[in-house]
Amino acid sequence: MGDQVESEVPTATLQIYNWIYENVAEREGNANRASSATNCVRQSWYYNHDYPSNKLTPRKIVNFLAGDIGELTMKYFISQGCVGDGKLYSEVNFGELKGYYKIGKYFLPHFEQPPWSFNVQDITITGHPDGVGKRNSDGKWELIECKTASNYGYEGFKKEGAKDYLKQAHALMLTDEAARLGLSGVRFFYLRKETGHIWDRFHAYDMEIAAAVASNFVKSNMAEIPKRDFESIDEMKIKQKDGVKFKEPTGRKTVEWQCEYCSFLKECHGDYEVEWPKDRFGNAKPYYILKENVNERKQNGS
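No experiment lies behind these values; they were computed from the predicted model shown.

Quick notes on the rules
Residues numbered from 1 in each chain as written. Predicted model: local features only at pLDDT ≥ 70, side-chain atom pairs only at ≥ 80, totals over all residues. Heavy atoms only, no water. Helix = DSSP H or I, 4+ residues; strand = E, 2+ residues; numbered from the N terminus. Buried < 20%, exposed > 50% of the residue type's maximum accessible area, 1.4 Å probe, protein only. Contact = heavy atoms within 4.5 Å. Areas by Shrake-Rupley, 256 points an atom, 1.4 Å probe, with all protein chains shown as cover. Lys, Arg positive; Asp, Glu negative; His and termini not counted. Charge placed at Lys NZ, Arg CZ, Asp CG, Glu CD. Pairing = 2+ DSSP bridges. Axes fitted to C-alpha atoms, helices over the stretch in contact; angles between N-to-C directions. Parallel < 35°, antiparallel > 145°, perpendicular 65-115°, else oblique. Nonpolar A, V, L, I, M, F, W, Y, C, P; charged D, E, K, R; others polar.

(A) Quick look at the overall build of the chain. Scanning the chain from N- to C-terminus turns up 9 helices and 15 strands. Principal-axis analysis of the C-alpha atoms gives the chain an extent of 60 × 50 × 50 Å. Here the chain holds 302 residues, and the buried ones make up 39% of them. When contacts within the chain are restricted to residue pairs at least 6 apart in sequence, long-range pairs at least 24 apart make up 64% of them. Within the structure as shown, the chain displays about 17800 Å² of accessible surface, and the carbon and sulfur contribution to it stands at 50%. Side chains of the chain give 41 positive and 43 negative charges; the mean places of these two sets differ by 4 Å.

(B) Representation of the sheet that holds strand β8 (residues 141-149) in the model. The strand order across the open sheet built from 5 strands is β2-β7-β8-β9-β10, with neighbouring strands paired in mixed fashion. Lying at the two open borders of the sheet, with one neighbouring strand each, are β2 (89-93) and β10 (198-204). For this sheet, the mean inter-axis angle between neighbouring strands, taken without regard to orientation, is 25 degrees. Sheet analysis places β8 next to strand β9 (residues 185-192), joined by 7 bridges and oriented parallel. Its bridge partner being in β9, leucine 143 is matched across the sheet by valine 186. Across the sheet, helix α3 (residues 58-81) touches β2, β8, β9 and β10, and the angle it forms with β8 is around 135 degrees. Contacts from helix α5 (residues 165-173) reach β8, β9 and β10, with the element oriented near 140 degrees to β9.

(C) Fine view of the packing of helix α1 (residues 11-23) against α3. Relative to each other, α1 and α3 sit at 85 degrees, their axes nearing to 9 Å. In this view, α1 runs roughly perpendicular relative to α3, as classed from their interaxial angle. Here α1 contributes Tyr17, Ile20 and Tyr21 to the contact with α3, which in turn contributes Pro58, Ile61 and Val62. Here the contact of α1 with α3 is built from residues that sort into 6 nonpolar, no polar and no charged.

Such coordinate-based values are descriptive only and should not be taken to indicate function.
In structure tokens:
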């Protein structure tokens with residue numbers, strides 16, 4: 001769902017993809033975890049009520065593993081560059097040290113992240129923080145989250161902050177472990193994958209975000225299906241008249257980009273057709289056209 005597909009794949013590459021899909025790829029399941037706080041609440045509801053989901057694609061698994069390696073790299077440089085007298089932190093904690101990876105002349109520490117948890121009503125939510133740091137300036141602890149990003153994601157973070165990732169961070173800051181530390185907020189460290197640029201940004205704890213996150217976990221576990229976060233949208237086509245470009249509806253319905261990556265598009269929005277337009281690099285990405293206007297359908301919870 002929503003994955004980019006190259007027009008041609010070499011034989012060896014295809015063999016790698018097949019091995020990953022057959023031996024590594026798993027279906028996503030229970031959504032009572034901090035990382036699911038970024039989900040549409042209805043998507044989490046489907047997971048928690050055992051609707052069958054799609055396997056993660058090989059490309060995404062490769063990307064996730066590369067992200068984990070990027071996280072190791074960021075933790076190493078944070079611990080080396082940001083800790084000590086006159087630095088941001090007096091100490092950091094990334095979990096239990098399990099060993100080192102030797103990469104060139106560097107020894108990157110491997111930490112096992114401890115699980116954190118909290119209860120909302122009778123539901124237990126778990127998560128694994130990247131780390132915490134104690135600031136020299138005021139002696140307060142803050143959550144540390146490391147993210148690898150595309151050029152687009154990196155620039156968006158610089159301009160607008162972590163956005164949806166704040167939900168995941170606040171789920172972690174709701175935990176009993178966070179309360180004991182008295183976390184004041186979260187600092188995101190973003191690594192731009194293409195160029196190696198780093199950017200950090202602090203977000204203070206926000207009670208409204210925390211309350212909304214807790215509420216969504218409750219809704220995703222209720223018997224009744226919750227309202228979807230994203231309704232269908234008009235397909236728009238760019239036209240030009242008298243040298244001026246403008247958008248005009250085609251009369252067809254499609255979905256928001258968030259829905260393109262969801263395993264439950266059919267369950268949520270009904271039947272659809274898939275088109276495969278190519279980008280300037282020759283990669284094809286599925287484009288979903290709904291067979292009926294879901295805004296005019298009577299669907300439970302819509």
